[in-house]
Amino acid sequence: MSQLLPTILAIESSCDETSASVIRNGKVLNNVIASQAVHQQHGGVVPELASRAHQQNILQVVNDAMTQCGIKKEELNAIAFTRGPGLMGSLLVGVSFAKGMALALDLPLIEVNHMEAHVLAHFIDEPRPQFPFLCLTVSGGHTQIVLVKEYLLMEVLGQTQDDAVGEAFDKAAKMMGLPYPGGPLIDKFAQLGNANAFTFSQTSMPNLDFSFSGIKTAFLYFLRDRKKEDENFVEKNLNDICASLQHHLVQMLMQKLKRAVRQTDINQIAIAGGVAANSGLRNTLTKTAQELNWKIYIPEFQYCTDNAAMIAMAAHYKFLAGKFCGMDVAPIPNLGVGV
Ligand code: KG4
Ligand code: ZN
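All of the points below concern the structure found in this document.

Parameters and conventions
Residues numbered from 1 in each chain as written. Chains lettered and ligands numbered in written order. Predicted model: local features only at pLDDT ≥ 70, side-chain atom pairs only at ≥ 80, totals over all residues. Heavy atoms only, no water. Near = heavy atom within 4 Å. Polar contact = N/O pair within 3.5 Å; in protein donor to acceptor, adjacent residues only side chain to side chain. Areas by Shrake-Rupley, 256 points an atom, 1.4 Å probe, with all protein chains shown as cover. Helix = DSSP H or I, 4+ residues; strand = E, 2+ residues; numbered from the N terminus. Nonpolar A, V, L, I, M, F, W, Y, C, P; charged D, E, K, R; others polar. Domains from an automatic or database assignment. Donors = N, O, S within 2.8 Å, 3.2 Å for Na, K, Ca; no water. Tetrahedral: all angles 85-135°; square planar, octahedral: opposite > 155°, others 65-115°. Phe/Tyr/Trp six-rings, centres within 6.5 Å; stacked < 30°, edge-to-face > 60°. Buried < 20%, exposed > 50% of the residue type's maximum accessible area, 1.4 Å probe, protein only. Salt bridge = Lys/Arg side-chain N within 4 Å of Asp/Glu carboxyl O.

In this section: the site of ligand 1. The environment of ligand 1 is made up of 19 residues, and the closest members are Gly-140, Asp-170, Asp-187, Asn-278 and Asp-306. Contact distances for ligand 1 include 2.6 Å between an oxygen atom and a side-chain N or O atom of Asp-170. Within the contact set of ligand 1, an oxygen atom lies 3.3 Å away from a backbone nitrogen or oxygen of Gly-183. Considering ligand 1 on its own, with 550 Å² of exposed area, one finds that the protein chains cover 90% of that surface. Mapped by element, the contributors of at least two residues to the shell around ligand 1 are α3 (114-120), α4 (165-175) and α5 (183-190). Per element, the largest residue contribution to the shell around ligand 1 is 3 residues, and it comes from α5. In terms of residue class, the shell around ligand 1 is built from 5 nonpolar, 11 polar and 3 charged. A domain-level breakdown of the shell around ligand 1 finds at least three residues from each of domain 1 (7-120 + 304-320) and domain 2 (129-299).

Now the structure itself:
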């Protein structure tokens, strides 16, 4: 097995995207993703349906990734998979598939932390951040400010104590009757609205921690009260409501990010995770970076939401560091960063 040219197949199955990617010598060759439309009608991810859909999709997704890049199974040096955090049943599908392949091909296994992989998505393409940098990781399940000291050395400086910001976007969208996932729709309507039209109260947290449950409840009562006055309130004001809510959520993220910069004196800032695709966050971050002289890194859209390319990137660095795992490895639904 060549130390210099590892070729790795990576599998991601933590939530509702089944994805596979092949990486050769640190270069991501592809990123095949099968999204699960089945959850739309339920207004959120249904764990049992997610694991069944992974089971149905995984063979095809892995086959497509291998065929697309023209690399034979025999040329692989390792199989990587997401160990956690994520949904137990979904993780189990990826872990079991990876183990089966590793066993059949007599290859080593590499376990990857999904949240660390979101951060390492920044190393797929240029420009790559310099260490140390701060990463705001914002997804449907997590909201964290991570101090990234090295590829495989990260420390969580602050995180949400209840809901994730992506969940706040999705739940608010659901309250307005929008389909799941509502985050991208709120983003779309927000671009046409007035961000100062409405205000919502929010919970403030000490240090670098976040809380999004307060604003979610405030939004629920706001809609209830306004609908009493006019039952078509949402339809008539959709753009302004979305713009105002998005503005609040982005400000909550930016406030903590600014504080983290002051505390650490690090002004290299990256954003990662599904909510990093939000145009309001991207624009505000770009403006703040100009004002405060930050150097910012925003990943390509396909590497923001869940994907196996980021798992492959993390696996590449783990391979170089000789960090493999045994066949007895099990998924960890609440796996933390830096543990
Ligand atoms: O990272 P991700 O694909 O999956 C998790 O690990 O959770 O993130 C999914 C989350 C969802 O909550 C989705 O609504 C949100 O990212 N999202 C967005 C946007 N695109 C995806 N939220 C706001 N604006 C967007 N443009
Ligand atoms: Zn994710």
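Turning our eyes to something else, we now look at the coordination of the zinc ion (ligand 2). In an ideal octahedron of six donors the angles at the metal are 90 or 180 degrees, and in an ideal tetrahedron of four donors they are 109.5 degrees. His-114 (NE2), His-118 (NE2) and Asp-306 (OD) make up the full set of protein donors to the zinc ion (ligand 2), lying at 2.0 to 2.2 Å. Bound by 4 donor atoms, the zinc ion (ligand 2) shows angles of 92 to 150° at the metal and therefore irregular coordination geometry. Between the donor residues of the zinc ion (ligand 2), the gaps in sequence give the motif H-x3-H-x187-D. You can see His-114 sitting in helix α3 and its partner Asp-306 sitting in the loop between β11 (295-297) and α9 (308-320), a full 192 residues away along the chain.

Per the stated rule, a full pass over the model turns up 15 aromatic pairs. Geometrically, the ring pair formed by Phe-131 and Tyr-151 is edge-to-face, given 4.9 Å between the ring centres and 85° between the ring planes. Taken together, the residues span a long stretch of sequence, with Phe-131 in the loop between α3 and β7 (133-138) and Tyr-151 in the loop between β8 (143-150) and β9 (153-159) at a distance of 20 residues. On the basis of relative accessible area, Phe-131 is assigned to the partly exposed category, the value being 25%. Counting every residue linked through ring pairs, the aromatic cluster contains Phe-123, Phe-131, Phe-133, Tyr-151 and Tyr-317.

Attention now goes to the pattern of salt bridges. Taken as a whole and assessed by the stated rule, the structure comprises 10 salt bridges. Close ionic contact of Arg-128 with Glu-126 constitutes a salt bridge, the shortest N to O distance being 2.7 Å. Its salt-bridge partner being Asp-225, residue Lys-228 comes within 3.9 Å of it at the nearest N-O pair. Taken as a pair, Lys-228 and Asp-225 lie in helix α6 (residues 213-229) at a separation of 3 residues, close to a single helical turn. It is possible to trace a salt-bridge network through shared partners that takes in Arg-224, Asp-225 and Lys-228.

Purely spatial values, then, with no claim about function.
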